[in-house]
Amino acid sequence: MSGATSQLAAHLSSSLTRFEGRLATRDSGLVKTAVLAVSLAFFAVFIFLPLVLVFAEAFRKGWDTYIAALADPDAVSAIRLTLLAAAIAVPLNLVFGISAAWAIARFEFRGRQFLITLIDLPFSVSPVVAGLVYVLIFGAHGWFGSWLQAYDIDIIFAVPGIVLATIFVTFPFVARELIPLMQSQGREEEEAAIILGASGWQTFWRVTLPNVKWALLYGVILCNARAMGEFGAVSVVSGHIRGETNTMPLHVEILYNEYQFAAAFAVASLLALLALVTLALKAYVEWQAARNVAKDSEG
Amino acid sequence: MSGANRVLPGFGLSLGYTLAYLSLIVLIPLSAVFVKAAAMDFERFWSVVASERVVATYKLSFGMSLLAASINVVFGLLLTWAIVRYSFPGKKIVDALIDLPFALPTAVAGIALTALYAPNGWIGQILEPLGIKIAFGPYGVLVALIFIGVPFVVRTVQPILEDFDAGFEEAAASLGATRWQTVRRVVFPALLPALLTGFALAFARGVGEYGSVIFIAGNIPFVSEITPLMIITRLEEFDYQGATAIASVMLVISFVLLLVINLLQGWVARSTPRAI
């Protein structure tokens, strides 16, 4: 058994044998009870209860109200717009992520680290500012405002603005999953493929992609969750026109502000379900990736 | 490395596309804020960003983000410790749900926290007789920012604690240190860079957070208005200059925080002993 495998086996074995089984790293029963009580209470109050509450409130008035809230034409159009925005934003950011990772992880050039920082930029910008920038460019008083008006093109308070804002806030997700992984993998395998006569695309499809597929999937899952759930940025550019420019999160806000709590939580429960599916997929992808690492180090 | 001895193809294409897409989607739009703000005369700019109401929002946004990030460091560390070091029923589910604030849309988090902490909510009705009012006030902002910040601290500290070699603790114990001394003098210093990074990430996210906060805050001027809300308020008044001025201040703050986070992450990378 190689060193890497035994290390991994130790890593995968439960914390019971790793820490609680060793005298030096075992905390006293009292400490353990206290840490568990405090941290799990914190977890329950700030994370678990809000999640449970979404579903409890959604079904408080029964199935009929729940179904009615989701079958409402405005809700259906909000769901459709949310799916559309994600269907455009996710593939675009996927292509960008792959392209950026190829350039950054496979070549050396000046300013590489700075480029990574710039790619992360949308994460540190407030969503409200992210929406505002597009208003400043495409809005009625923006850079292209009068030009767009002359040709009767609507971007702000219309679907294109929503798509743009969604692209902005989900911009780094795929790139930031791929770049560190491809950097750590190195470029030897791809170089070997090219030297043996494979074309660039063949190398990408047969060597690079299989090596990064789990990270890629992970990035896409997170990108999609954020794309469907974005609120602040989309809120600024949407104009909140019912049935036209409302996404699901915006629809939740409108229903909530109209005191239609059961309906608001019904639509919210769909988004919460999406979040749970996202977390489940994430756990699955992590498990698969860990299994692959284990397989690699055995073989 | 010169272009001539590159084996792999596609450098020009991938870097060109990356730079073009980055410029179109992120850099040029963000520069619009500064171009527009620079076009304002300074007195007008200053009267917006230093007005009493806006300054009150900086104080609230910064104060509550600092407080929330601090609370997250303390409880996040305990939670990470429990997940990494102990076994308990439901641990896998707790571990997976830590990321809920990343995955749950902020508007959903906002209305859920509001319903939970409102005077008639599950938690609110326990706190109300004690005279503690959370929702529709500044502490509502705090609760929302705590929720948003949890995964930043846990997910930054967790890998460091998982990789921490228990041998150090055994060495400390065998040299006569008590368990508390070992944790405080041996384990804690190793976690410190990650804790600070988690703190900075949670803080930066808190300052810009909008969706989860506005439902629970009550948005009372001078009491519970956050800075991003002021941008929305100015926009709704069609005061684009005012909105831009406040946005430019927020952007500068974001850039400074990004720089600090980068430096901290460099510190984490350097101070973590590499496995061979």
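Residues numbered from 1 in each chain as written. Chains lettered and ligands numbered in written order. Predicted model: local features only at pLDDT ≥ 70, side-chain atom pairs only at ≥ 80, totals over all residues.

Peer 1: I'd like a description of the overall build of chain A, backed by residues and values.
Peer 2: Looking only at helices and strands, one finds 15 helices and zero strands in chain A. Oriented by its inertia axes, the alpha-carbon framework of chain A measures out at about 70 × 60 × 30 Å. By the burial criterion, 43% of the 299 residues in chain A qualify as buried. Within chain A, residue pairs in contact and separated by at least 24 positions form 75% of the contacts whose partners lie at least 6 positions apart. (Helix = DSSP H or I, 4+ residues; strand = E, 2+ residues; numbered from the N terminus. Buried ≥ 20, exposed ≤ 12 C-beta atoms within 10 Å, placed from the backbone. Contact = placed C-beta atoms within 7 Å.)

Peer 1: So what's going on with the packing of helix α12 (residues 227–236) of chain B against helix α13 (residues 240–271) of chain B? Which residues, and what values?
Peer 2: Residue and element names in this part refer to chain B. It is the contact of α12 with α13, at a shortest axis distance of 8 Å, that shows an interaxial angle of 160°. One finds that α12 runs roughly antiparallel with respect to α13. In the packing of α12 onto α13, the handedness of the crossing is left-handed. Residue-level inspection shows T227, M230, I231, R234 and L235 of α12 in contact with α13, the latter providing G242, A243, I246, A247 and M250. Residue composition of the contact of α12 with α13, grouped by class: seven nonpolar, two polar and one charged. (Axes fitted to C-alpha atoms, helices over the stretch in contact; angles between N-to-C directions. Parallel < 35°, antiparallel > 145°, perpendicular 65-115°, else oblique. Left-handed = near helix turned anticlockwise from the far one by under 90°. Nonpolar A, V, L, I, M, F, W, Y, C, P; charged D, E, K, R; others polar.)

Peer 1: Lay out helix α3 (residues 29–58) of chain A with the relevant residues and their values.
Peer 2: Residues and elements named next belong to chain A. Between its first and last C-alpha atoms α3 spans 40 Å; for 30 residues at 1.5 Å apiece the expected length is 44 Å, and the two agree. Within α3, the axis deviates most sharply at A44, by approximately 45°. Of all the positions in α3, only S39, F42, F43, F46, I47, P50, L53, V54, E57 and A58 are classed as buried. (Expected span 1.5 Å × (residues − 1). Bend = angle between axes of the 7 residues up to and from the residue.)

Peer 1: Talk me through the confidence of the model for chain B; I want residue IDs and the actual numbers.
Peer 2: Confidence in the prediction of chain B, expressed as mean pLDDT, is 91, and 96% of residues score 70 or more. Interface confidence in the predicted complex, given as ipTM, is 0.91; pTM for the same model is 0.90. (pLDDT = per-residue confidence, 0-100.)

Peer 1: Before we move on, could you go through the domain arrangement of chain B and cite the residues and values that matter?
Peer 2: All names here are of chain B. As far as domains go, chain B holds domain 1 (1–38) and domain 2 (40–271). A separation of 32 Å is found between the C-alpha centroids of domain 1 and domain 2. Opposite the five residues of domain 1 that make contact, domain 2 presents seven residues. Taken together, the residues of the side of domain 1 that touches domain 2 break down into four nonpolar, no polar and one charged. (Domains from an automatic or database assignment.)

Peer 1: If you had to explain the domain arrangement of chain A to someone new, which residues and values would you point to?
Peer 2: Along its sequence, chain A is organised into domain 1 (1–58) and domain 2 (62–298). Computed from C-alpha coordinates alone, the two centres of domain 1 of chain A and domain 2 of chain A are separated by 31 Å.

Peer 1: How would you sum up the packing of helix α7 (residues 127–138) of chain A against α12 of chain B? Please name residues and give values.
Peer 2: α12 of chain B packs onto α7 of chain A with a crossing angle of 30° between their chain directions and a minimal axis gap of 9 Å. Classified by the angle between their axes, α7 of chain A and α12 of chain B sit roughly parallel to one another. As α7 of chain A packs across α12 of chain B, the resulting crossing turns out to be left-handed. When α7 of chain A is examined against α12 of chain B, the residues V128, V129 and L132 of chain A are found in contact with a partner set consisting of P228, I231 and I232 of chain B. Counted by class, the contact of α7 of chain A with α12 of chain B contains six nonpolar, no polar and no charged residues.

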